[in-house]
Amino acid sequence: MMTLIKGGHIVNEGRVTKADIIIEDGKIAELSSQNSPITSHSFDSVIDATGCYVLPGVIDDHVHFREPGLTEKADIDSESRAAAAGGVTSYFDMPNCNPQTTTLDALAQKQALAREKSHVNYAFFYGATNDNIETFSQLDATKIPGIKLFMGSSTGNMLVDRDEALERIFKECRLPLMVHCEDTAIINRNMEEAKGAWGDDPPVNLHAMIRSEEACMASTRKAVSLAQKYGTRLHVAHISTAEELELFPVCHDFVSTKITAEACVGHLFFTQLDHERLGAKIKVNPSIKTPVDQFLLREALNDGRISVVATDHAPHLLSQKQGGCVKAASGMPMIQFSLVTMLELVDEGVLTIQRLVELMCHNPARLFGVQQRGFLRPGYHADITIVRPKSPWTVTADCIFSKCGWSPMEGHQYQWRVERTLCNGQTVYASGQVVADVLGEPITFSHK
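First, a word on scope: everything that follows refers to the structure included in this document. (Residues numbered from 1 in each chain as written. Predicted model: local features only at pLDDT ≥ 70, side-chain atom pairs only at ≥ 80, totals over all residues. Heavy atoms only, no water.)

Where helix 4 (residues 184–198) meets helix 6 (residues 213–230), the axes come as close as 8 Å, and the angle between the chain directions of the two elements is 165 degrees. Put simply, helix 4 runs roughly antiparallel to helix 6. Our pair here, helix 4 against helix 6, has a crossing hand that is right-handed. Between helix 4 and helix 6, the residues in contact are Ile 186, Ile 187 and Arg 189 and Glu 214, Ala 215 and Ala 218, respectively. (Axes fitted to C-alpha atoms, helices over the stretch in contact; angles between N-to-C directions. Helix = DSSP H or I, 4+ residues; strand = E, 2+ residues; numbered from the N terminus. Parallel < 35°, antiparallel > 145°, perpendicular 65-115°, else oblique. Left-handed = near helix turned anticlockwise from the far one by under 90°. Contact = heavy atoms within 4.5 Å.)

Helical periodicity: at 3.6 residues per turn, an α-helix aligns residues three or four positions apart in one direction. Considered for burial, the residues of helix 3 (residues 163–172) that qualify are Ala 165, Leu 166, Ile 169 and Phe 170. Taken end-on, helix 3 shows its buried residues confined to a sector of 125 degrees, consistent with a single buried face. Check the buried side of helix 3 and you find it contacts strand 10 (147–151), strand 11 (159–160), strand 12 (177–181), helix 6 and strand 13 (234–236). (Buried < 20%, exposed > 50% of the residue type's maximum accessible area, 1.4 Å probe, protein only. Arc of directions from axis to C-beta.)

This part covers the pattern of salt bridges. Across all of its chains, the model carries 21 salt bridges by this definition. Arg 168 is the partner of Glu 134 in a salt bridge, and the nearest nitrogen-oxygen pair spans 3.0 Å. With Glu 134 in the loop between strand 9 (126–127) and strand 10 and Arg 168 in helix 3, the pair connects residues that are 34 residues apart, well separated along the chain. The exposure class assigned to Glu 134 is partly exposed, which follows from its relative accessible area of 46%. For Arg 168, a relative accessible area of 32% puts it in the partly exposed group. One continuous salt-bridge network, built from bridges that share partners, spans Asp 131, Arg 162 and Glu 164. (Salt bridge = Lys/Arg side-chain N within 4 Å of Asp/Glu carboxyl O.)

Turning next to the layout of surface pockets. Empty space among the atoms becomes apparent when a probe as large as a water molecule is rolled across them. In this structure, the second largest pocket spans a volume of roughly 630 Å³. Along its surface, the second largest pocket is lined by 27 residues, and Arg 366, Leu 367, Gly 369, Ser 446 and Lys 448 are the ones closest to its centre. Split into classes, the residues belonging to the lining of the second largest pocket amount to 11 nonpolar, nine polar and seven charged. (1 Å grid on protein atoms, 1.4 Å probe; cavity = no way out; pocket = protein on both sides within 12 Å on 5 of 7 lines; lining within 4 Å. Points joined across faces, edges and corners; volume = space filled by probe spheres on them. Nonpolar A, V, L, I, M, F, W, Y, C, P; charged D, E, K, R; others polar.)

Each neighbour pair has its own omega, and for Glu 67 with Pro 68 the value is 5 degrees, a cis peptide bond. Structurally, Pro 68 is set in the loop between strand 6 (58–63) and helix 1 (76–85). Of note, the bond from Asn 98 into Pro 99 is cis; its omega dihedral lies within 30 degrees of zero at 5 degrees. On the secondary structure map, Pro 99 appears in the loop between strand 7 (88–93) and helix 2 (104–117). Phi is positive for Arg 66, close to 75 degrees, though the residue is something other than glycine. For Arg 66, the location among the structural elements is in the loop between strand 6 and helix 1. Using a relative accessible area of 8% as the deciding quantity, one classes Arg 66 as buried. The phi angle at Asp 312 is positive, at roughly 55 degrees, despite the residue not being glycine.

We now examine the nonpolar core. Formed by 95 residues in total, the largest nonpolar core has its most connected members in Leu 149, Phe 170 and Met 342. Look past the residues within four positions of Met 342 in its chain and what remains in contact with it is Val 265, Leu 268, Leu 301, Val 309, Leu 351, Leu 356 and Met 360. Formed by 16 residues, the second largest nonpolar core is a distinct cluster that contains Ala 237, Val 308, Phe 368 and Ile 443. (Core = buried A, V, L, I, M, F, W, Y, C linked by side-chain atoms within 4.5 Å.)

Let us now look at the packing of aromatic side chains. Applying the stated rule across the entire model yields 14 aromatic pairs. With a centroid separation of 6.0 Å and an interplanar angle of 85 degrees, the aromatic rings of Phe 125 and Phe 368 are classed as edge-to-face. Of this pair, Phe 125 sits in the loop between strand 8 (121–124) and strand 9 while Phe 368 sits in helix 12 (residues 353–368), and the two are 243 residues apart along the sequence. Classification of Phe 368 by relative accessible area gives buried; the value is 1%. An aromatic cluster is present here, built from Phe 92, Phe 125, Phe 368 and Phe 445 joined pairwise through their rings. For the cation-ring pair, Arg 377 lies above Phe 375, with the distance from its terminal atom to the ring centre recorded as 3.9 Å. (Phe/Tyr/Trp six-rings, centres within 6.5 Å; stacked < 30°, edge-to-face > 60°. Lys NZ or Arg CZ within 6 Å of the ring centre and 35° of its normal.)

Turning our eyes to something else, we now look at the sheet that holds strand 6. Picture the strands of a sheet paired through backbone hydrogen bonds; they go either parallel or antiparallel. Read across the open sheet, the three strands follow the order 6-7-8; overall the sheet is parallel. Two strands in the sheet have a free side with no partner beyond their single neighbour: strand 6 and strand 8. In this sheet, neighbouring strand axes are inclined to one another by 20 degrees on average, regardless of whether the strands run parallel or antiparallel. As paired elements, strand 6 and strand 7 share four bridges and run parallel to each other. Looking across to strand 7, one finds that Val 58 is bridged to Val 88. Against the sheet, helix 2 makes contact with strand 7 and strand 8, and its axis sits at roughly 170 degrees relative to strand 8, the strand it touches most. (Pairing = 2+ DSSP bridges.)

Attention now goes to the pairing of strand 2 (residues 15–24). Bridge count between strand 1 (residues 2–12) and strand 2: nine bridges; the pairing is antiparallel. Across the sheet, the residue bridging to Gly 8 is Ala 19, located in strand 2. Hairpin connection from strand 1 to strand 2: two residues lie between these consecutive antiparallel strands, with Glu 13 at a positive phi of about 50 degrees. In terms of strand pairing, strand 2 meets strand 3 (residues 27–33) through six bridges, oriented antiparallel. By the bridge assignment for strand 3, Ile 22 is matched with Glu 30.

With that settled, consider the state of the cysteines. Taken as a whole and judged by the stated rule, the model has zero disulfides. Here Cys 181 is not cross-linked by a disulfide; its sulfur's nearest cysteine counterpart is in Cys 216, at 8.5 Å. Lacking any disulfide linkage, Cys 423 is separated from the closest cysteine sulfur, that of Cys 361, by 13 Å. (Disulfide = S-S within 2.5 Å.)

From the geometry alone we can't say anything about function, so treat these as descriptive.
Below is the structure:
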């Protein structure tokens, strides 16, 4: 089976070039510049990408697809459809489902579900607890991106809060360790003060005061200190404050640093002022903070302090998003709109499209040792996203693929459109539709 993608502008490894791509048996066979057009092949299909940009498929290193156990909100089928519609061809799912992915059997169960249901490529983090460190050595490192640690604050009862357990995890973990950093004691103190002033369910616009900059900084500083002490490969999830950025080096060389940071689209696009119009729809943990924090997070996209942009895609039913800082669930669905949102920041001059591809495609592959994905190279899996600029459309409820059925982006007009998503050489999304019989593959890793 041979496919030609012709006429597009390829964005890959720091360059934008007009080139064609030949796909054969699910992998990239050849990239040919427009100065030497491809004429000697007979193709089974031809995709005309004239006027479009052709990117490596997005790798989202941070999602919550809710299966097993929480499937009233989302499941692997529905959220992988949303991923395909958003140009995301690979995702790493988090362990706080039910049962939690903190045993070898639970991990095998999730992998089996994905083989049957996921429309794009998949991998699953293994969750750390206070008591399961002995199982780390039994994991097949080629099949998982790393260990997920909820350090200081968590939903789903996965909090690791014993100092001796933290020391052992940082010392013994030989896989990438992704950490959620917020300090529970500080959050609890802030919550009690807010309840004293505002009642049992303080208004949601106080969320950033309760889950504060201080709470984030205290926990992130501790994680970085432990990683430096033990030489741990640390990746701090969803950085939300300007102060935390001071803990990360200005660096583009992943060989020379073992401590990296992720930013999420919600913290880059919204500020706490947006609670006034969106309420709890943008209530997430860690909280979305001030316009100053947003500005400086955006700046850090370009100097290497932020290495990866992800979503922390976390659907809830809209009924579960009602209330204030106590009652409303934290988390929002964003995977379908992450790429087009970041392309909007490209239009605003926040970053270049080349840098976007570094942050959303190349760097997740580099940091986690993803094999033969994340780049447009001969021999690599043909995970490809085709996007069209100057193609306005508005988000409405009927275009949302996530099972929860809502998005904080409803009513927003985008200027970029995902035209087509290919996963392992097969079109999985085009013309507003997901191709139901296309399934993704398990991602493989080589951790160094």
